[in-house]
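Single-letter residue listing:
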There are 2 protein chains.
Amino acid sequence: MEERKQKVLLAIVQDFIATAEPVGSRTIAKKYGLGVSPATIRNEMADLEELGYIEQPHTSAGRVPSVRGYRYYVDYLMQKRELSRDEEELIRREFEIKVRDVGQVIQKTGQLLSQLTCYTAMVLTQQMGGSSFKHVQLVPMSINQTMVIVVMDNGAVHHRMIETPESIRPSDLETLSKVLNAKLQGLTMENIKLTLLKEIYFELGKHKQVLDLAMEMIQDSLGLKDEDKIYLGGVFNMINQPEFHNVERVKTMLSILEQEKLLCELLTGQSWDKGVTVRIGGEITDYDIKDYSVVAAPYSISGRKIGSIGVLGPTRMDYAKVISVVDFMTKNLSKTLERMFLGRGR
Amino acid sequence: MEERKQKVLLAIVQDFIATAEPVGSRTIAKKYGLGVSPATIRNEMADLEELGYIEQPHTSAGRVPSVRGYRYYVDYLMQKRELSRDEEELIRREFEIKVRDVGQVIQKTGQLLSQLTCYTAMVLTQQMGGSSFKHVQLVPMSINQTMVIVVMDNGAVHHRMIETPESIRPSDLETLSKVLNAKLQGLTMENIKLTLLKEIYFELGKHKQVLDLAMEMIQDSLGLKDEDKIYLGGVFNMINQPEFHNVERVKTMLSILEQEKLLCELLTGQSWDKGVTVRIGGEITDYDIKDYSVVAAPYSISGRKIGSIGVLGPTRMDYAKVISVVDFMTKNLSKTLERMFLGRGR
DNA sequence: TTTAGCACTCAATGCCATCGAGTGCTAACA
DNA sequence: TGTTAGCACTCGATGGCATTGAGTGCTAAA
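Notes on the structure in this doc start here. Within every chain, residues take consecutive numbers counted from 1 along the sequence as written. Written order determines the labels here, with chains lettered from A and ligands numbered from 1. For this predicted model, a pLDDT threshold of at least 70 governs which residues receive local features, and a threshold of 80 or more governs which side-chain atom pairs are given and counted, while totals over whole chains, interfaces and linings are taken from all residues. Heavy atoms throughout the structure, all of them, feed into the side-chain values; hydrogens and water do not.

Before going further, it helps to spend a moment on the protein's contact with DNA strand C. A single heavy atom is enough: if one lies within 4 Å of a molecule or strand, its residue is considered near that molecule or strand. The immediate surroundings of DNA strand C are formed by 20 residues, with A:Ser25, A:Arg63, B:Arg4, B:Thr40 and B:Ser60 found nearest. Note that a base oxygen of DNA strand C is positioned 3.1 Å from one of the side-chain N or O atoms of B:Ser60. Counting residues per element, the ones that place at least two in the surface near DNA strand C are helix H3 (38–51) of chain A together with helix H3 (38–51) of chain B. Put simply, DSSP marks the helices as runs of H or I at least four residues long and the strands as runs of E at least two long, and each gets a number from the N terminus on. By residue number, the principal contributor to the surface near DNA strand C is H3(B), which donates 4 residues. In terms of residue class, the surface near DNA strand C is built from 4 nonpolar, 12 polar and 4 charged. As used in this structure description, the phrase polar contact means that two N or O atoms lie within 3.5 Å; if the pair is within protein, one of them must be able to donate a hydrogen and the other to accept it, and residues adjacent in sequence are counted only when both atoms belong to side chains. Each residue is assigned to one of three groups, with Ala, Val, Leu, Ile, Met, Phe, Trp, Tyr, Cys and Pro labelled nonpolar, Asp, Glu, Lys and Arg labelled charged, and all others, Gly among them, labelled polar.

Here we come to the pairing of strand E10 (residues 304–314) of chain B. Residues and elements named next belong to chain B. Relative accessibility thresholds used throughout: buried, under 20% of the residue-type maximum; exposed, over 50%; partly exposed, between the two (1.4 Å probe, protein chains only). Most of E10 is tucked away, with 9 of its 11 residues classed as buried. Pairing analysis gives 6 bridges linking strand E3 (residues 120–125) to E10, with the strands arranged antiparallel. Residue pairing in the sheet places Ala121 in a bridge with Val311 of E10. Relative to E10, strand E9 (residues 292–301) runs antiparallel, the two being bridged by 10 bridges. Within the sheet, the bridge partner assigned to Ala297 lies in E10 and is Ile309. When DSSP finds two or more bridges between two strands, those strands count as paired. Here E9 hands over to E10 after 2 residues, with Ser302 in that stretch at a positive phi of 40°.

Around DNA strand D, the structure places 20 residues, and the nearest of them are A:Arg4, A:Thr40, A:Thr59, A:Ser60 and B:Ser25. Close to the protein, within 4 Å, the atoms of DNA strand D belong to sugar or phosphate groups at a rate of 79%. At a separation of 2.7 Å, a phosphate oxygen of DNA strand D approaches a polar side-chain atom of A:Arg4. Within the side chain of A:Arg42, an N or O atom sits 3.4 Å from a base oxygen of DNA strand D. Residue assignment for the surface near DNA strand D shows that the elements contributing at least two residues are H3 of chain A together with H3 of chain B. Among the elements that take part in the surface near DNA strand D, H3(A) stands out by supplying 4 residues, more than any other. When grouped by side-chain class, the residues that make up the surface near DNA strand D number 4 nonpolar, 12 polar and 4 charged.

A word on the interface of chain B and chain A. Residue-level contacts link 48 residues of chain B with 47 residues of chain A. We define a salt bridge as a side-chain nitrogen of Lys or Arg found within 4 Å of a carboxyl oxygen belonging to Asp or Glu. The interface formed by chain B and chain A includes 0 salt bridges. On inspection of chain B and its partner chain A, the count reaches 3 residue pairs in polar contact (both at pLDDT 80 or more). Within the residue set of the side of chain B that touches chain A, elements represented by two or more residues are strand E4 (133–142), strand E5 (145–152), strand E6 (157–163), helix H9 (208–222), helix H10 (235–238), helix H11 (247–258) and helix H13 (319–342) of chain B. Here the element with the most residues in the side of chain B that touches chain A is E4(B); it accounts for 7 residues. Should any heavy atoms of two residues lie within 4.5 Å, those residues are counted as being in contact.

Rendered as structure tokens:
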């Protein structure tokens, strides 16, 4: 594309992102010093429209970027931006002080993500399939209630209350815990062998009833039962965006946010390999979300991807800013999680 | 109040709750068979307005209940309602199938609450102060990371990753766990004596570093660190209510929902002793939420109140229905939690 | 005490004229 | 050939104005 066309397109996208109003030729000539008259710009605009980069809401209005226009902007025109010192500092501080367990890390990430961008943040924790058994503990809670706690090697902790016959003594539970720990150490769902199970049942046969429940719990933890969970943040502050001045818009947005499946798809879709992915107007989804864009990126522990974070906003979002925030946050998140699970050393 | 006035007021409240439109004298005469003409009803309405039970949005409109009118309705006129068989069945089924741990119980409760009422559900889990220590387990996760798991007698489980020197062996951690369990069994924050601590440190002195971190974790769990948490559900389906046809309303509602402190106050305020409390137009709060009402009730385990649930909706809410739902849900919630913690037997 | 009748009020609705931002086209200009 | 000034045209937005109708309050009769 000729350089001047690019400049006009850039001006249109930037101005529209800033003001949310369709951009006219006069505005461009005045605000963005291209050194040509409105009439010339009008000609360029007519061309850009023909090429599909911009659109006209109605005849007597200015131009608005089309999905294709945003795409071109993001791919070729946009100037990458870094976070400001203040912002980086804020993030670092928030994470240092207030973050103790994984849940808090996730929540904090979402919170900051939405706070920094003014859009809605999404944090997806993927099932960490293939994780292995680390530890089980049976804790007697009352005369016929026992808590089963299962720890996985990735740091996940699951607990559940089970019912146990009154005849079981605490020392029995202790024994059960010990044997299970010894036998199952380090195993994943797949490599629990039948012979091993037989061995366990042989050794602990007299407490079959309890054992059944405990094993069920362990298998649930190991198996795929731990669905993807999605954390949303900042749904509220987004409705201050001018696009949400009419209620219908708010409703469609909320109905999008209700469809977890769709959100997961948006977060993972095709972004799995590259870093930050930008999906404009819901490119590549069956669902109809043409007015929204998603900026997403996966996070990982020592190279293994274990989830994604993303920002959902109107197509008219500040891509440069959002991309830099998402990029920074994934790195930060990965680092924090690695530190939690693998120790400060590596 | 004379009986006919009551009937007129009842008609106005009922009709307004059903239609969200100001109610005129004609409508009442036609729909609610009082056997008198619109003119008579107009006279009654003038009286009711003078008494402060109803209001006129503007001269040529019908009447709308005032806060006082709703209050009178709820206290004297409203017919208590039971849940339908279907609804009770739905609740029971949802709880039987899908509920495994406390978190799920809370979430399910909120979900059903909002689903059945079409308003926003709030579930508050109060700090269960005064709960006592049950069990601690140190699980080695990597060469210099250890997971500390603390179980409380009320069934709460907290876990945290701590950093441990590489010199610590798994068997050391085992010993630590054992000693801590033996010494701290059943204690609350208050009755951990200094002498006891000295005893522990004497016995486990050589692992002071780890012990420090573990004790910190235990004290955090015992102490007040476990803040009240509030779960919100069905924020989205509420905006289908006609009051939210204009965006300003949506915004003020969302800003209310953002103020957790306010929500806690609304849920606990004065409801602590009675069962279901109805607070109309935010009666008795400093905050200005005159357009909303809250129906709340505490839930408990074996008589000890440990949280509240509630429904937030426009003042024009279907009080009869909401009250019955909230009432049923607290009972259900208490029962479910008791079953989880105390066993099915009692 | 109730009610029919009637004048009155006022939000809502729809119509119309006006306004103005912005366009596309044409013709003149460099 | 590319640029620009000029101009007619489009169309949403805005505001004024009349109309409508639901609903009221008052008065006088039953």
